[in-house]
Amino acid sequence: MNELYDYDVIVVGGGHAGCEAALVAARLGFSTLLVTMKIDMIAQMSCNPAMGGQAKGQLIREIDALGGEIGFTSDQAAIQYRLLNRSKGPAVWSSRAQCDRATYRMTMQESLRKQKGLAIIEGNVTGVIIDKGRAGGVVLDGGAKITSKVVILAGGTFLDGLIHIGTKTIPAGRAGEPACLGLSDDLKRYGFEVGRLKTGTPPRLDGRTVDYSKMQIQRGDENPRPFSLRTEEVNLDQLPCHLTYTNLKTHQVLRDNLDKSALYSGRIKGVGPRYCPSVEDKVVKFPDRERHQLFLEPEGRDTDELYLNGFSSSLPEEVQYEALHTISGLEEATITQFGYAIEYDFFPPWQIKPTMETKAVENLYFAGQINGTSGYEEAAAQGLLAGINAALKLKRESPLILERSRAYIGVLIDDLVTKDIREPYRMFTSRAEWRLLLREDNVEERLLQIGHGLGLIPQPLWEDYKGRETDLKEQLKKTKNITVDCDDYPKLKELKKSGGKIRLHNAIKIPGMQLSDFSAIAEVSSIDPRIAENIEIEIKYGGYIERQRQEVGRFAKMESMVIPEDFDYGGLNGFKKEAIEKLQKFRPASLGQASRVSGVSSGDLAVLMVHLRRHHARNPDRDKVFLTK
């Protein structure tokens with residue numbers, strides 16, 4: 001069948017990046033086709049059955065504020081919520097939800113099915129239709145062609161995917177599903193550089209064969225908060241997780257069988273994730289550690305299957321069993337699915353623009369693990385941005401590019417396009433210079449206006465936020481006018497070491513004091529619980545927040561100095577050879593981005609600024625070097 005169909009947008013891949021890209025493109029009014037290998041496996045949580053975590057919780061909330069779906073779907077599937085890093089400052093607080101794997105998949109599929117303007121078909125895409133440097137559709141296995149104005153590739157681990165279990169290798173995108181063959185080779189013909197990465201997954205266990213009495217129980221938070229603004233309340237019976245550890249016997253079994261590991265026998269060529277190593281990798285790299293923690297996470301409410309977080313492995317099945325049975329509580333455990341490693345192709349992301357569009361081919365966008373990232377949340381963020389920017393380009397409107405100081409999504413995309421990614425990239429709070437400005441509690445303040453302006457946030461949610469924003473400002477003013485007597489608050493009297501009166505605003509600033517300590521005051525007890533945390537953070541950390549805002553302001557000029565896409569570095573004087581090579585390769589979009597490219601010094605930046613000013617003077621009508629924010 002070689003019949004041609006025509007869509008505005010074609011999205012290839014039904015993982016977390018593909019789902020967000022397809023939904024947002026359709027929501028913005030464009031006819032969209034999602035092509036996936038298996039429709040019933042769309043939105044499968046291929047690895048752990050959880051969403052969020054360090055910096056990833058922030059990503060989910062940001063996606064939600066921009067009109068994405070992952071947060072709402074996670075709330076519908078949640079079986080346990082936890083706020084991580086609560087003992088530390090609010091800059092690193094991160095939400096995490098254990099999810100029912102099947103419920104998540106079915107809920108997201110339902111959202112896709114109900115979306116007007118979105119069609120879904122099964123198929124293996126083997127090529128992209130490219131004419132005169134512009135993408136115009138896809139080619140399916142067998143030769144059928146489907147045309148479009150834009151193509152978004154979000155193939156996950158399926159591009160030439162290869163599963164490893166001991167000495168066995170199986171071409172696959174994940175367990176039980178075929179690999180996507182041919183697409184990588186097709187793109188190579190157009191000059192794209194292709195790399196190889198590796199990731200893995202641990203065995204799944206039959207919970208009925210586990211002795212929980214030998215493990216530590218880990219319960220969810222008493223008052224959990226949802227990811228999505230669309231989730232009105234969380235009211236669920238939370239399921240517990242359990243914690244156990246490897247031991248010296250476990251480590252000996254692993255060491256004795258390293259020659260059988262696909263990772264250490266040389267059969268795996270791809271680079272693995274630094275921050276989520278296999279269990280055999282942990283034993284080799286940390287030989288002095290007597291134990292490593294393992295979390296047993298429920299796969300869902302209606303299944304006994306457990307995910308053994310921390311025990312990712314490419315060892316043979318019999319070795320996985322032997323090592324597993326040395327662990328406290330798992331001596332009789334049954335494995336329902338063995339762990340495995342998977343290799344797959346990726347395209348180093350220096351080849352994309354901050355809009356997610358590729359530099360080599362116009363109207364072709366990459367999103368997700370194809371860009372070298374790991375994690376559901378990172379993939380979803382890229383899919384959302386790719387879908388939004390594809391739609392904006394079709395509307396002939398300016399693209400959405402988020403600054404590093406405005407969103408973790410901005411940090412993610414900026415890192416991808418300015419760093420030479422050669423291992424799976426994972427988001428952490430430490431990657432953000434101004435993470436105190438990028439907290440979970442102020443996501444709406446940072447991004448909701450953008451989502452509303454795009455037409456992706458419904459008017460009622462926007463009006464609800466505006467009401468809370470007004471309330472927040474008023475309540476902050478009140479705290480400066482309310483006076484409290486230290487003698488009435490034993491905790492305050494003890495901390496202050498003296499009596500007298502004090503403004504509520506200043507009392508909350510005192511270490512150890514919280515807004516809730518003054519709940520007896522009528523004005524405090526009437527505060528909307530949804531803004532109480534914002535008030536306390538703004539008061540306690542106000543000085544630090546203002547300092548970071550000033551730092552952002554100092555960097556704003558560099559970030560706003562745009563470098564034209566066709567800027568010629570080759571004929572310029574004053575640069576080191578390495579700087580010219582890196583600038584020509586990465587083609588940063590601004591002077592700020594250029595400053596983050598490895599190999600470009602402060603001296604090179606000074607020279608570049610001079611050349612940009614000259615270029616602008618010669619081309620005042622063609623280029624706008626300085627953007628007005």
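Whatever comes next refers back to the structure up there.
Residues numbered from 1 in each chain as written. Predicted model: local features only at pLDDT ≥ 70, side-chain atom pairs only at ≥ 80, totals over all residues. Heavy atoms only, no water.

K.L.:
So what's going on with the overall build of the protein? Which residues, and what values?
P.N.:
Secondary structure summary: the protein contains 20 helices and 22 strands in total. Relative to its length of 629 residues, the protein is compact, with a C-alpha radius of gyration of 26 Å against a globular reference of 25 Å. Referenced to the eigenvectors of the C-alpha coordinate spread, the extents of the protein come out at roughly 80 × 75 × 50 Å. In the protein, which comprises 629 residues, the proportion classed as buried is 56%. Long-range contacts, defined here as pairs at least 24 residues apart, represent 72% of the contacts in the protein between residues at least 6 apart. Only carbon and sulfur atoms are counted for the fraction: they give 49% of the accessible area of the protein, which is about 27100 Å². (Helix = DSSP H or I, 4+ residues; strand = E, 2+ residues; numbered from the N terminus. Rg over C-alpha atoms; globule rule 2.2 N^0.38 Å. Buried < 20%, exposed > 50% of the residue type's maximum accessible area, 1.4 Å probe, protein only. Contact = heavy atoms within 4.5 Å. Areas by Shrake-Rupley, 256 points an atom, 1.4 Å probe, with all protein chains shown as cover.)

K.L.:
Give me the lowdown on the pairing of strand β10 (residues 162–165), citing residues and values where you can.
P.N.:
Here is the key point about a regular strand: its side chains alternate between the two faces of the sheet. Relative to strand β19 (residues 340–346), β10 runs antiparallel, the two sharing 3 bridges. Paired with His164 across the two strands is Ala341, which belongs to β19. As judged from the 4 bridges shared by β10 and strand β11 (residues 168–171), these two strands associate in the antiparallel manner. In the sheet register, Ile163 faces β11, and the bridge partner there is Ile170. Between the antiparallel neighbours β10 and β11 lie 2 residues, among them Gly166 with a positive phi of about 60 degrees. (Pairing = 2+ DSSP bridges.)

K.L.:
Which residues make up the sheet that holds strand β3 (residues 50–52), and what values do they have?
P.N.:
With antiparallel pairing, the 3 strands of this open sheet are ordered in space as β3-β5-β4. In the strand order of this sheet, the two ends are held by β3 and β4 (78–84), each with one partner. Averaged over all adjacent pairs, the angle separating strand axes in this sheet is 20 degrees, with direction ignored. Contacting β3 and β5 (94–99), helix α2 (residues 56–65) crosses the sheet at an angle of about 80 degrees to β3. (Axes fitted to C-alpha atoms, helices over the stretch in contact; angles between N-to-C directions.)

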